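Chain residues, written in single-letter form:
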Amino acid sequence: MRFWQFKLGISLVFFSSISIAQETHLELLHSVKLSASFIESDNIGNVYTVHDFEITKRDISGKELLKNSALAFGDIYSLDASNALKMVLFFKDMSQVIYLDNLLANRGNRVELDFIGYSQVTAICRSYNDGLWVYDQTTFELTRLDEQLQSTAQSGNLNQILGFVPNPTYIRESNNWVYINDPEHGVMVFDWYGSYTKTIPVLGLRKFVIRANKLFYLTKETLDSYDLKSFQFSSIQLPSSKIVDFTLYDDKLLLITENELLVYRIIVN
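Within each chain, residue numbers correspond to sequence positions counted from 1 in written order. With the structure being a predicted model, the display of local features is reserved for residues of pLDDT at least 70 and the display and counting of side-chain atom pairs for 80 or more, all residues being used for whole-chain, interface and lining totals. The side-chain numbers reported here are obtained from all heavy atoms of the structure, hydrogens and water having been left aside.

1. Considering the overall build of the protein
- When helices and strands are counted, the protein shows two helices and 24 strands.
- In this description the radius of gyration comes from C-alpha coordinates, and the expected globular size is given by 2.2 Å times residues to the power 0.38. A compact globule built from 269 residues would reach a C-alpha radius of gyration of about 18 Å, and the protein, at 18 Å, matches this within 12%.
- With respect to the three principal axes, the spread of C-alpha positions in the protein is 50 × 40 × 40 Å.
- Burial status follows relative accessibility: with a 1.4 Å probe on protein chains alone, a residue under 20% of its type maximum counts as buried, one over 50% as exposed, and anything between as partly exposed. In the protein, which comprises 269 residues, the proportion classed as buried is 51%.
- If you take every contact in the protein between residues at least 6 apart in sequence, the share linking residues at least 24 apart comes to 42%.
- Think of it this way: Lys and Arg go in the positive column, Asp and Glu in the negative one, and His and the chain ends go nowhere. By convention, the charge on Lys lies at NZ, on Arg at CZ, on Asp at CG and on Glu at CD. Treating the 24 positive side-chain charges of the protein as one cloud and the 31 negative ones as another, the clouds have centres 5 Å apart. The way it works is that DSSP assigns letters per residue, a run of H or I at least four long becomes a helix, a run of E at least two long becomes a strand, and they are numbered from the N terminus. Two residues form a contact once any of their heavy atoms are found within 4.5 Å.

So this is what it looks like as structure tokens:
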């Protein structure tokens, strides 16, 4: 068994143990001064802070390991680091996607979304077998592209299907499902064929993190979770209401404020 697979197993056991009936609290482990717009974690325990056009790779304590500020496509809109060896950076304003390896070096050719027929993509994420999910606001359609950028699945016009115009801000694929955050309407769930199945009624989100069949998200003062199997909600009180962004790995909660990164251990009694 590979090390990252072992760590993933630990993470699954930990997050599946969190329930509303248990007492949960946070222990501060590290505090690092920095400026960042958002944070993501990969599948082997690295975290990435993004500030405008700069991406910094850090260990789980927040220590800086690598930095790339030579990207020439404007501000980074999103980062999908679910595969540490081929991460996906999305530059929304330039309609560009580039891939980075574990050394933050460019990997492969960049994708010019408007050139291949997707003129107003508002959200994107990795898919299995090096594919991509893209949402195009001109067609109101979620599309899966394979490694050769050929369409393999489509949702159809979601304005017609849902009865409103979606405004996705964040997409992730997890365990054969695709989750799309629309702050006004909730988190919409699609299968691998792009077919809409349901909406999770959590509103006003910027992003979410899925771990061990739980969807985690921030409210003003708590880290909340929604169990994707039992449909139960639970929450953990946060130490501050001035949180900009968050991510999770194993039993660690990482919070970005206006000027620092806070690393907590989640303790479940």
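2. As for the packing of aromatic side chains
- Any two of the Phe, Tyr and Trp rings considered here, Trp counted by its six-membered ring, make a pair once their centres fall within 6.5 Å; the pair's planes then place it as stacked at under 30 degrees, edge-to-face at over 60, or tilted in between. Inspection of the entire model under this criterion finds eight aromatic pairs.
- On the basis of an interplanar angle of 20° and a centroid distance of 4.2 Å, the ring pair of tyrosine 128 and tryptophan 192 is categorised as stacked. On the criterion of sequence distance, the pair formed by tyrosine 128 in the loop between strand S10 (121-127) and strand S11 (131-136) and tryptophan 192 in the loop between strand S16 (186-191) and strand S17 (196-200) is long-range, its members being 64 residues apart.
- One aromatic cluster in this structure is built from Tyr170, Tyr179 and Phe208.
- Criterion for a charge above a ring: Arg CZ or Lys NZ at most 6 Å from the ring centre, at most 35 degrees from the ring normal. Between the NZ or CZ atom of arginine 144 and the centre of the ring of tyrosine 128, over which it lies, the distance is 3.8 Å.

3. Examining the pattern of salt bridges
- In what follows, salt bridge is the name for a side-chain nitrogen of Lys or Arg lying within 4 Å of a carboxyl oxygen of Asp or Glu. Per the stated rule, a full pass over the model turns up 15 salt bridges.
- Linking arginine 265 and glutamate 27 is a salt bridge whose minimum nitrogen-to-oxygen distance equals 3.1 Å. Separated by 238 residues along the polypeptide, arginine 265 in strand S24 (residues 260-268) and glutamate 27 in strand S1 (residues 24-33) bring together distant segments of the chain.
- A relative accessible area of 28% means that arginine 265 is categorised as partly exposed.
- Glutamate 40 is paired through a salt bridge with arginine 172; the nearest N and O atoms lie 3.5 Å apart.

4. A short note on the pairing of S16
- Of all six residues making up S16, six are buried, and the element is well covered by its neighbours.
- At least two bridges found by DSSP between two strands are what make those strands a pair. In this structure, strand S15 (residues 177-182) lies alongside S16, joined through six bridges in antiparallel fashion. Bridge pairing in S16 links tryptophan 177 to aspartate 191.
- The antiparallel pairing of S15 with S16 creates a hairpin that spans three residues between the two strands.
- Pairing of S16 with S17, which is carried by four bridges, proceeds in the antiparallel orientation. In the strand pairing of S17, methionine 188 is matched with threonine 199.
- Between the end of S16 and the start of S17, which pair antiparallel, lie four residues, with glycine 194 showing a positive phi angle near 85°.

5. Looking at the pairing of strand S20 (residues 222-227)
- Burial analysis of S20 places six of its six residues in the buried class, which makes it a mostly covered element.
- Burial of the side chains of S20 extends over both faces: Thr222, Asp224 and Tyr226 are buried on one face and Leu223, Ser225 and Asp227 on the other.
- Pairing between strand S19 (residues 214-218) and S20: five bridges, direction antiparallel. Bridging from a neighbouring strand, tyrosine 217 pairs with aspartate 224 of S20.
- In this antiparallel pair of consecutive strands, S19 and S20, the connection spans three residues.
- Across five bridges, S20 lies against strand S21 (residues 233-237) in antiparallel orientation.

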